[in-house]
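Structure assessment
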Amino acid sequence: EAGVAQSPRYKIIEKRQSVAFWCNPISGHATLYWYQQILGQGPKLLIQFQNNGVVDDSQLPKDRFSAERLKGVDSTLKIQPAKLEDSAVYLCASSHPLISGYEQYFGPGTRLTVT
Amino acid sequence: RKEVEQDPGPFNVPEGATVAFNCTYSNSASQSFFWYRQDCRKEPKLLMSVYSSGNEDGRFTAQLNRASQYISLLIRDSKLSDSATYLCVVKARGGADGLTFGKGTHLIIQP
């Protein structure tokens, strides 16, 4: 079974630039999550989708971050404009309660460096 | 108070030893509990769920104390391959099921 795919794996941008990350979840997984993991910290949930609807975006900094999952499959996360403190690994995860229970499967992440 | 607190370590432990990690959580409405493992520069992966009755998976034992809001992980006969960061994870009761992670405990098994 193919895992969660993410691209790019690495990205370096200057502050105030824009960046977008892409995620393709495990086939059949209706729920998709984006997490931000700053060095030395645990992952922090940014947004959760159920199919193409947002379930929880309470921790998403909406002034600069946006995410969409238009067709209920793959998803993009955008940062515009980026700040130095956005340097982190952005992890995408997916799950399906009937298939995997509460287990979330994570992709390899996109490592963002903002200079 | 942080939602999920762990001792970040590092814990330096000789191979074959037993090591235990603890974690506390602040939300008494938390519903589900997990330990995830994260290797250096890799994504987190589920190690085991934690049940109120306690559960064991090979060399790993997890326990939950709801009254004290405390979760533990015990690793027996530690192997070099157990070296990793262990993340304590909590899911709140309710519709959204995003996970709340602790900062992780870094374990180094020494030969």
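Preceding this paragraph is the structure being described.
Let us look at the structure shown here.

Moving on: the overall build of chain B. Helix and strand counts for chain B stand at zero helices and 11 strands. Mapped from its N terminus to its C terminus, chain B presents α and β elements in the order β-β-β-β-β-β-β-β-β-β-β. The C-alpha atoms of chain B give 14 Å as radius of gyration, which agrees with the globular expectation for 111 residues (13 Å, within 12%). For the C-alpha atoms alone, the extent of chain B along its principal axes is close to 45 × 30 × 25 Å. Total accessible area on chain B stands at roughly 5400 Å², and carbon and sulfur atoms take up 47% of it.

Quick look at the packing of aromatic side chains now. Per the counting criterion, the structure on display carries 12 aromatic pairs over all chains. Ring geometry for Phe106 of chain A versus Tyr36 of chain B: centroids 6.0 Å apart, planes at 85°, classification edge-to-face. Taken together, the residues Phe106 of chain A in strand 10 (residues 105–106) and Tyr36 of chain B in strand 4 (residues 30–38) connect one chain to another. Geometrically, the ring pair formed by Tyr25 of chain B and Phe33 of chain B is tilted, given 4.9 Å between the ring centres and 45° between the ring planes. With respect to class, Tyr25 of chain B is no different from Phe33 of chain B; both count as buried. Members of the aromatic cluster, joined through ring pairs, are Tyr33, Tyr35 and Phe106 of chain A together with Phe34, Tyr36 and Phe101 of chain B.

Once that is clear, we can look at the interface of chain A and chain B. Facing the 21 residues of chain A at the interface are 18 residues of chain B. Of the roughly 1600 Å² buried at the junction of chain A and chain B (both faces included), carbon and sulfur atoms supply 53%. When residues of chain A are sorted by the area they lose upon contact with chain B, Pro43, Tyr102 and Phe106 of chain A head the list and together hold 33% of the total. At the surface where chain A touches chain B, the tally comes to zero salt bridges. There are four residue pairs in polar contact (both at pLDDT 80 or more) connecting chain A and chain B. Mapped onto the side of chain A that touches chain B, the elements with two or more residues apiece are strand 4 (31–37), strand 5 (44–50) and strand 6 (53–56) of chain A. When residues in the side of chain A that touches chain B are grouped by element, the largest group, four residues, is from strand 4 of chain A. Residues belonging to the side of chain A that touches chain B are distributed by class as follows: 10 nonpolar, eight polar and three charged.

Another aspect to go through is the pairing of strand 6 of chain A. Residues and elements named next belong to chain A. As paired elements, strand 5 and strand 6 share three bridges and run antiparallel to each other. By the bridge assignment, Phe49 is partnered in strand 6 with Val54. In sequence, strand 5 turns back onto strand 6 through a hairpin of two residues, with Asn51 there showing a positive phi of about 55°.

Moving on, we come to the nonpolar core. Nonpolar side chains tend to gather and get buried jointly when the protein is soluble and globular. All names here are of chain B. Among the nonpolar cores identified, the biggest contains 22 residues, and Phe21, Trp35, Ile71, Leu73, Ile75, Tyr86 and Leu107 are the most heavily contacted of them. Counting only elements with at least two residues in this core, the list comes to strand 3 (19–25), strand 4, strand 5 (45–50), strand 7 (60–65), strand 8 (70–75), strand 9 (84–92) and strand 11 (105–110). Sequence-distant contacts of Ile75, that is, excluding residues within four places in its chain, are made with Ala17, Thr18, Val19, Phe21, Arg59, Phe60, Asp82, Tyr86 and Leu107.

Residues and elements named next belong to chain A. One pass over the structure, following the stated rule, counts six salt bridges over all chains. Among the ionic pairs, Asp86 bridges to Arg64, the shortest N-O distance being 2.5 Å. Separated by 22 residues along the polypeptide, Asp86 in the loop between strand 8 (75–79) and strand 9 (88–95) and Arg64 in the loop between strand 6 and strand 7 (65–68) bring together distant segments of the chain. Taking the relative accessible area as the measure of exposure, Asp86 reaches 3% and is therefore buried. With a relative accessible area of 12%, Arg64 lands in the buried category.

The rules behind the values
- Residues numbered from 1 in each chain as written.
- Chains lettered and ligands numbered in written order.
- Predicted model: local features only at pLDDT ≥ 70, side-chain atom pairs only at ≥ 80, totals over all residues.
- Heavy atoms only, no water.
- Helix = DSSP H or I, 4+ residues; strand = E, 2+ residues; numbered from the N terminus.
- Rg over C-alpha atoms; globule rule 2.2 N^0.38 Å.
- Areas by Shrake-Rupley, 256 points an atom, 1.4 Å probe, with all protein chains shown as cover.
- Phe/Tyr/Trp six-rings, centres within 6.5 Å; stacked < 30°, edge-to-face > 60°.
- Buried < 20%, exposed > 50% of the residue type's maximum accessible area, 1.4 Å probe, protein only.
- Contact = heavy atoms within 4.5 Å.
- Buried area = accessible area lost by both parts, 1.4 Å probe.
- Salt bridge = Lys/Arg side-chain N within 4 Å of Asp/Glu carboxyl O.
- Polar contact = N/O pair within 3.5 Å; in protein donor to acceptor, adjacent residues only side chain to side chain.
- Nonpolar A, V, L, I, M, F, W, Y, C, P; charged D, E, K, R; others polar.
- Pairing = 2+ DSSP bridges.
- Core = buried A, V, L, I, M, F, W, Y, C linked by side-chain atoms within 4.5 Å.

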